[in-house]
Amino acid sequence: AIVLYSSLFEESPELPEGAAQEYRLDLVAALVGQWRFSEARKALDLVFPSRFPSRYNLYSAVVGYGSGTYQEAALLEAALSGIDQGALRPVDLPWLYLLRGVLSDLQGQSGLAGEQFSRAVDSAASALQEAFFLSLVFRQKLLTAPADEELLLEVRRNLDALSGQSGAFPFLREYAVI
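Keep in mind the model is a prediction, meaning the values are calculated, not measured. (Residues numbered from 1 in each chain as written. Predicted model: local features only at pLDDT ≥ 70, side-chain atom pairs only at ≥ 80, totals over all residues. Heavy atoms only, no water.)

Colleague: Talk me through helix α6 (residues 93-106); I want residue IDs and the actual numbers.
Modeller: For α6, with 14 residues, the first-to-last C-alpha span of 20 Å sits near the 20 Å given by 1.5 Å per residue. Buried residues dominate α6, accounting for eleven of its 14 residues. Within α6 the residues assigned to the buried category are Leu93, Pro94, Trp95, Leu96, Tyr97, Leu98, Leu99, Gly101, Val102, Leu103 and Ser104. One or two positions beyond α6, positive phi appears at Gly108, with a value near 80°. (Helix = DSSP H or I, 4+ residues; strand = E, 2+ residues; numbered from the N terminus. Expected span 1.5 Å × (residues − 1). Buried < 20%, exposed > 50% of the residue type's maximum accessible area, 1.4 Å probe, protein only.)

Colleague: Go over the packing of α6 against helix α8 (residues 127-144), please, and point to the residues and values.
Modeller: For any two helices packed against each other, the geometry is given by the interaxial angle and the distance between the axes. At a minimum axis separation of 11 Å, α6 and α8 run at an interaxial angle of 10°. Taken together, the axes of α6 and α8 are roughly parallel relative to one another. Across the interface between the two elements, Pro94, Trp95, Leu98, Val102 and Asp105 from α6 touch Gln129, Phe132, Phe133, Leu136, Val137, Gln140 and Thr144 from α8. Tallied by class, the residues present in the contact of α6 with α8 amount to eight nonpolar, three polar and one charged. (Axes fitted to C-alpha atoms, helices over the stretch in contact; angles between N-to-C directions. Parallel < 35°, antiparallel > 145°, perpendicular 65-115°, else oblique. Contact = heavy atoms within 4.5 Å. Nonpolar A, V, L, I, M, F, W, Y, C, P; charged D, E, K, R; others polar.)

Colleague: Go over helix α7 (residues 110-122), please, and point to the residues and values.
Modeller: An α-helical turn contains 3.6 residues, so a residue and the one three or four places further along point in the same direction. With 13 residues, α7 should cover 18 Å at 1.5 Å per step; its first-to-last C-alpha distance of 18 Å lies within 8% of that length. Along α7, the residues that are buried comprise Ala113, Gln116, Phe117, Ala120 and Val121. What you see down the axis of α7 is that its buried residues fit within an arc of 140°, all on one side. Across from the buried face of α7, at angles greater than 90 degrees, the exposed residues are Glu115 and Asp122. Among the structural elements, α6 and α8 are those in contact with the buried residues of α7. (Arc of directions from axis to C-beta.)

Colleague: Which residues make up the environment of Gly101, and what are the values?
Modeller: Residue position: Gly101 is located in helix α6. Residues Gly101 and Leu112, spaced eleven residues apart in sequence, show a C-alpha to C-alpha distance of 7.0 Å. If sequence neighbours within four positions are ignored, Gly101 has contacts with Ala113, Gln116 and Phe117.

Printed below as a string of structure tokens:
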């Protein structure tokens, strides 16, 4: 997707402004999906926030999350306050739910965090996106609680279930960390 959107801007510099803005947000989404947050920030800087404010605010918050900006609940809560869920596309929703789960974690509401993390996985638009968000949920668990044998076994089960598929890579990374 990154190559597709990048080449679109190179080959069609005269795209209508609305389409160009939306495609730039799609490029940002593709970049964060590859964990390329500094590139995503640069691409996001070319988007007019007023054109698609909720998507812009969402991906700005996602870039902040990936860059480690949100260590305090108040910062993440402020970032999420400018997002109208109804203005997002279905493919964007897992990010919103993941960030809401992170916020709940920061606020000490682990039950609500678990619900939001489940929504992030359940709302994935594809099997690959589902695997990606499942790995992000595991990553969040690693960041907020000590790794134990149960978590290691859970990651290993997911790694084995996705063996030979590109969706296994995030679990392999988390397995190596544990």
